[in-house]
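Below are the chains, spelled out letter by letter.
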Amino acid sequence: MTTEQNEVQRLSKRMAQLGLCSRREADSYIEQGWVKVNGVTAVLGQKVLDSDRIDLNRQAHRQQAERVTILLNKPVGYVSAQPEKGYRAAVELITETNHWREDKSPIHFQATHTRHLAPAGRLDIDSVGLLVLTQDGRIAKQLIGENSGIEKEYLVRVSGRLDDKGLALLNHGLSLDGEKLRPAKVNWQNQDQLKFILKQGKKRQIRRMCELVGLKVIGLKRVRMGRIKLGALPPGQWRYLSPQEKF
């Protein structure tokens, strides 16, 4: 018999749950013999209890340490993930030429750093600002995992009229896709610009929220994810997330 506190589940799922790596990475580590459960080398498909001790060996930790996370100031006209017809993918901007000269990270650019980069929190084609591209499944899970509590901050230029009731609804009370949205923090920055702080990221969420209260989004810029700010990073340029920086 099991209880909720000691549930039986796949080892790879449990490793992702613990933030050790992504599920795909977990399967790769298990396959290579880099994972031990209660001191015994694990096998693919193995089931574990919540109480089981899971350890990664040095090779896994070394591989994780070599993975990079890149912060890009995405311009308009680039898609966050796979390139679409007539448009380019944001990852194409990750070149040595576009590397911000003021990057204070000790990491030196290598061509391998552009491989297997995935966006952790997309920006649509018309939106700009902080886009996180990472090779590290742990960071992706932290930023966009189901239980992520990381704040994402946006500056949103709008047109239309918004009364106090509409502003209150933007903060809490709207639903999208048949689901109530989590509470947000929304307030005016100036006459035509709102600041949004969200802890979730549904597709085109801010644009759709604004439509529900009679506003049209003219421009949208993400300026912060957790503790990491866009800062002075110029449009179209990128920098590394330094080892000491945490979201």
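From a predicted model like this one, the values you see are computed outputs, not experimental measurements.

## Observations regarding the overall build of the protein
- When you go through the protein residue by residue, the secondary structure sums to six helices and 18 strands.
- Expressed as lengths along the three principal axes of its C-alpha atoms, the size of the protein is roughly 65 × 50 × 35 Å.
- Scored against the burial criterion, the 247 residues of the protein give a buried share of 45%.
- At a minimum sequence separation of 6, the contacts of the protein that also span at least 24 residues come to 66%.
- Carbon and sulfur atoms form 48% of the exposed surface of the protein, whose accessible area is close to 14,300 Å².
- Placing the 42 positive and 27 negative side-chain charges of the protein at their respective mean positions leaves the two points 1 Å apart.

## Looking at the UniProt feature "domain: RNA-binding S4" (unreviewed entry) in the protein
- Feature annotation in UniProt places "domain: RNA-binding S4" (unreviewed entry) on residues 9-63, given in this structure's numbering.
- Spanning residues 9-63, this segment combines 40% helix with 22% strand, and its end C-alpha atoms are found 25 Å apart.

## Observations concerning the sheet that holds strand E3 (residues 40-41)
- In spatial order, the strands read E3-E2-E5; together these three strands make up an open sheet with antiparallel pairing. Both outer strands of the open sheet, E3 and strand E5 (54-56), are each paired with one neighbouring strand and no more.

## Notes on the packing of aromatic side chains
- Across all of its chains, the model carries three aromatic pairs by this definition.
- Members of the aromatic cluster, connected to one another through ring pairs, are Phe 109, Trp 238 and Tyr 240.

## Quick word on helix H6 (residues 205-212)
- Taken as a whole, H6 has its buried residues at Gln 205, Ile 206, Arg 207, Met 209 and Cys 210.
- The elements touched by buried residues of H6 are strand E11 (152-159), helix H5 (164-171), strand E12 (175-176), strand E15 (193-198) and strand E16 (216-225).
- One or two residues past the end of H6 sits Gly 214, with phi positive at roughly 85°.

## Some thoughts on unusual backbone geometry
- In this structure, Asn 38 is a non-glycine residue whose phi angle is positive, near 50°.
- Tracing the backbone through its elements, the reader meets Asn 38 in the loop between strand E2 (35-37) and E3.
- Its identity as a non-glycine residue notwithstanding, His 116 has a phi of 55°, on the positive side.
- Structurally, His 116 can be placed in the loop between strand E8 (88-89) and strand E9 (118-119).

## Digging into the domain arrangement of the protein
- Under the domain assignment used here, the protein contains domain 1 (9-65), domain 2 (67-146 + 228-240) and domain 3 (152-225).
- Its C-alpha centre places domain 1 at a distance of 39 Å from the equivalent point of domain 3.

## Thoughts on the pattern of salt bridges
- Considering all chains together, one arrives at 15 salt bridges under this definition.
- Here Glu 25 makes a salt bridge to Arg 67, at a shortest N to O gap of 2.4 Å. Residue Glu 25 is found in helix H2 (residues 23-31), and its partner Arg 67 is found in the loop between helix H3 (58-66) and strand E6 (69-74); the two are separated by 42 residues along the sequence.
- The exposure class assigned to Arg 67 is partly exposed, which follows from its relative accessible area of 22%.
- The partner of Glu 92 in a salt bridge is Arg 88, and the shortest N-O contact between them spans 2.8 Å.

## Here's the deal with the side chain of Arg 14
- Mapped onto the elements of the fold, Arg 14 is located in helix H1 (residues 11-17).
- With a relative accessible area of 12%, Arg 14 lands in the buried category.
- Setting aside chain neighbours within four positions, we find Arg 14 in contact with Gln 9, Val 48, Asp 50 and Ile 54.

## Examining the environment of Val 128
- Mapped onto the secondary structure, Val 128 falls in strand E10 (residues 128-134).
- Looking at Val 128, the relative accessible area reads 21%, which means it is partly exposed.
- Not counting residues within four places of it along the chain, the set of residues in contact with Val 128 comprises Lys 74, Pro 75, Val 76, Leu 123, Leu 220, Lys 221 and Arg 222.

What counts, and at which threshold
Residues numbered from 1 in each chain as written. Predicted model: local features only at pLDDT ≥ 70, side-chain atom pairs only at ≥ 80, totals over all residues. Heavy atoms only, no water. Helix = DSSP H or I, 4+ residues; strand = E, 2+ residues; numbered from the N terminus. Buried < 20%, exposed > 50% of the residue type's maximum accessible area, 1.4 Å probe, protein only. Contact = heavy atoms within 4.5 Å. Areas by Shrake-Rupley, 256 points an atom, 1.4 Å probe, with all protein chains shown as cover. Lys, Arg positive; Asp, Glu negative; His and termini not counted. Charge placed at Lys NZ, Arg CZ, Asp CG, Glu CD. UniProt positions renumbered as here; feature names shortened; annotations may be inferred. Pairing = 2+ DSSP bridges. Phe/Tyr/Trp six-rings, centres within 6.5 Å; stacked < 30°, edge-to-face > 60°. Domains from an automatic or database assignment. Salt bridge = Lys/Arg side-chain N within 4 Å of Asp/Glu carboxyl O.

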